[in-house]
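Structure assessment
Next come the chains, spelled out residue by residue.
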Amino acid sequence: MCAVTSGFAELYDSEPHAVWSAPGRVNLIGEHTDYNAGLVLPFAIEQRTIVAASLRDGDDITVVSTLYADPARARLTDIGPGRLSGWSAYPLGVAWALSQFPDRPAGRPAAGPGTRGGVDLFIDSAVPAGAGLSSSAALEIAVACALNELWGLTATGAELAHASQRAENEIAGAPTGIMDQFASLLGEADAAVFLDCRTEDTRIVPLRLREAGLELVLIDTGERHSHAAGGYAARRASCERAARELGVPALRDITPADLGRAARVLDEETFRRVRHVVTENDRVEATVRALGTGDPVAVGRLLTASHVSMRDDFEISTPALDLAVDVALRAGALGARMTGGGFGGAAIALIERERVAGLTEDALDAFSRARLPAPLVRTVTPSPGARRESLQIEYQVHGRLGAADQHAAVGGVVDRVRHVVHVSRQQGCLAGVAHSGAA
Ligand code: GLA
């Protein structure tokens, strides 16, 4: 039995109804374009968040995670904007958003009346937080899939993505776009998800990495960030202000040919923000074309151009991310860029398989010489999106490990689950005294 299933059973004294999982994501290209109604090309990764869940009497939602020391319980009607903080704002926010899903969605079977009652959730995750891998979307989407089924909502993937985004924007207070939720839902093995964030048309774009002898390598700098504060919100505000000043609904409506006028209308810094978004949309389209014609050299060039644009125009890179990209290029990568919202997190490199070991060594060496903490360097595998798991799933191990390591890792997870069950009991989560922040 997997660790979340046994953790759930130990904590709540019954078997979960089912287990759902959703992956983190890496964005191949298309950064800070989603909230500008633009184009993105992310892929789901093998690291997943797993949720075991069951309906419970009453209307309390209980969330317990092996990753956080503070379990939470909130009455559905008490959840709302400004009332929650910390990790539990994400899963409780999804419950809040989905509790408002219409009873009779047009053209679909009605959700049963009164089905939106209490739920117990037990969560584990292999997606590191703050690394630019969208641990938040993995958590939201896994919980959204669980509630969709437990509450009989018949919500579509796009509706689950929007409910999750509302949780993130309105309950957790991070003004993020829609890319990560779609990537976590729709990812496929060896493929990226091309998403037009205006029309929400999606297309699966095969990557065919193995045939080309290529790997995608993630260099995690260990610098952590949160999009609920600071630079991310400032960049989004500046893009929205620029669109207003240029008289368009969103920066998606500005083309490279409009940049001359934009330079005359906008101040110098805002112009550079706009130039990043406009050229990045172009690079996403060019990357999709290059993947279609099997031209990894062109893809690599586009990735590196994207990094330069984020470093110099959008100014969301850091010295550690720039170093990761430089090292990757010097180690022979076809291209490299920081990935995700920026201000920390990870870079990604497209590189021939036989050069991966050299890149790993060079990165460790360069970071040590720059007196930066050792980065975590590992290949990432484009993987399937969210799904309901069988109750018998083997617990996922963190990364690729040998049999002996796997045994130890699973043992470690089981210990962690036991600890969380113990702490949750001690904190009285099950006695209902840990009513989370909600008034
Ligand atoms: C974060 C957000 C996304 C997107 C990226 C930047 O990951 O969650 O919506 O804006 O940053 O591309």
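Let us look at the structure shown here. Along each chain, residue indices are assigned from 1 in the same order as the chain's sequence is written. Reporting in this predicted model follows two pLDDT cut-offs: at least 70 for local features of residues, and 80 or more for side-chain atom pairs to be given and counted; totals over whole chains, interfaces and linings ignore these cut-offs and use all residues. Working from all heavy atoms in the structure, the side-chain values ignore hydrogens and water.

A few points about the overall build of the protein
Counting its regular elements, the protein contains 12 helices and 12 strands. Any two residues having at least one pair of non-hydrogen atoms within 4.5 Å are treated as being in contact. For the protein, contacts bridging at least 24 residues in sequence account for 73% of all contacts bridging at least 6. For the accessible areas, the method is Shrake-Rupley and the probe is 1.4 Å, while residue cover comes only from the protein chains on display. Just so you have it, the protein exposes about 17100 Å², and 52% of that area is on carbon and sulfur atoms. Secondary structure elements follow DSSP: runs of H or I no shorter than four residues count as helices, runs of E no shorter than two count as strands, and numbering proceeds from the N terminus.

Structural notes on unusual backbone geometry
The phi torsion at D13 lies on the positive side, around 60°, for a residue other than glycine. Think of it in three bands: with a 1.4 Å probe and only protein chains considered, a residue is buried below 20% of the maximum accessible area for its type, exposed above 50%, and partly exposed in between. Assessed through its relative accessible area of 63%, D13 is described here as exposed. Not every positive phi belongs to a glycine, and E200 is a case in point at roughly 65°. With respect to the helices and strands, E200 occurs in the loop between β6 (191-196) and β7 (202-206). Taking relative accessible area as the criterion, E200 reaches 25% and is therefore assigned partly exposed.

Overview of helix α5 (residues 179-186)
Of all 8 residues making up α5, 7 are buried, and the element is well covered by its neighbours. Among all positions in α5, only M179, D180, Q181, F182, A183, S184 and L185 are buried. Looking at the packing, one finds that the buried side of α5 touches β1 (18-29), β2 (39-56), α3 (135-150), α4 (157-171), β6 and β7.

Observations regarding the nonpolar core
To qualify as a nonpolar core, a set must consist of buried Ala, Val, Leu, Ile, Met, Phe, Trp, Tyr and Cys residues joined through side-chain atoms within 4.5 Å. With 50 residues, the main nonpolar core has I61, L98 and W151 as its most contacted residues. Discounting chain neighbours no more than four positions away, the residues touching I61 are A72, R73, A74, L76, L92, A95, G117, G118, V119, L121 and W151. With 41 residues, the next largest nonpolar core counts Y35, I219, V248 and V327 among its residues.

Thoughts on the site of the ligand
Contacts to the ligand come from 12 residues, most closely from E31, H32, D34, D180 and Y232. Two N or O atoms count as a polar contact when they lie within 3.5 Å, although within protein this holds only if one can serve as hydrogen donor and the other as acceptor, and sequence-adjacent residues are included solely when both atoms are side-chain atoms. Between the ligand and E31, the relevant distance is 2.7 Å, taken from an oxygen atom to a side-chain nitrogen or oxygen of the residue. Here the ligand loses 98% of its free accessible area of 310 Å² to cover by the protein chains. Classifying every residue of the shell around the ligand by side-chain character gives 3 nonpolar, 5 polar and 4 charged. Residue ranges for the domains originate in an automatic or database domain assignment. Composition of the shell around the ligand by domain shows at least three residues from each of domain 1 (3-199 + 384-431) and domain 2 (208-380). Being near a molecule or strand, for a residue, comes down to having at least one heavy atom within 4 Å of it. Three classes are used, and their members are as follows: Ala, Val, Leu, Ile, Met, Phe, Trp, Tyr, Cys and Pro are nonpolar, Asp, Glu, Lys and Arg are charged, and the others, Gly among them, are polar.

Re the side chain of S184
Residue position: S184 is located in helix α5. Not counting chain neighbours up to four residues away, the residues in contact with S184 comprise A22, P23, A137, A138, I141, G385 and A386.

Some points on the pattern of salt bridges
Here, a salt bridge means any side-chain nitrogen of Lys or Arg that lies within 4 Å of a carboxyl oxygen of Asp or Glu. A complete count under the given rule lists 24 salt bridges for this structure. In this structure, E215 and R353 form a salt bridge, with 3.0 Å as the shortest nitrogen-oxygen distance. Separated by 138 residues along the polypeptide, E215 in strand β8 (residues 214-220) and R353 in the loop between β10 (346-352) and α11 (356-369) bring together distant segments of the chain. Classification of E215 by relative accessible area gives buried; the value is 15%. A relative accessible area of 35% means that R353 is categorised as partly exposed. Across the pair R273 and E269 runs a salt bridge whose closest N-O atoms are separated by 3.5 Å. Taken together, the positions of R273 and E269, both in helix α8 (residues 268-292) and 4 residues apart, correspond to about one turn of that helix. Overall, the relative accessible area of 40% leaves E269 in the partly exposed class. Several salt bridges converge on common partners, so that one network encompasses E268, E269, R272, R273 and E315.

By themselves, these observations are geometric and do not establish any function.
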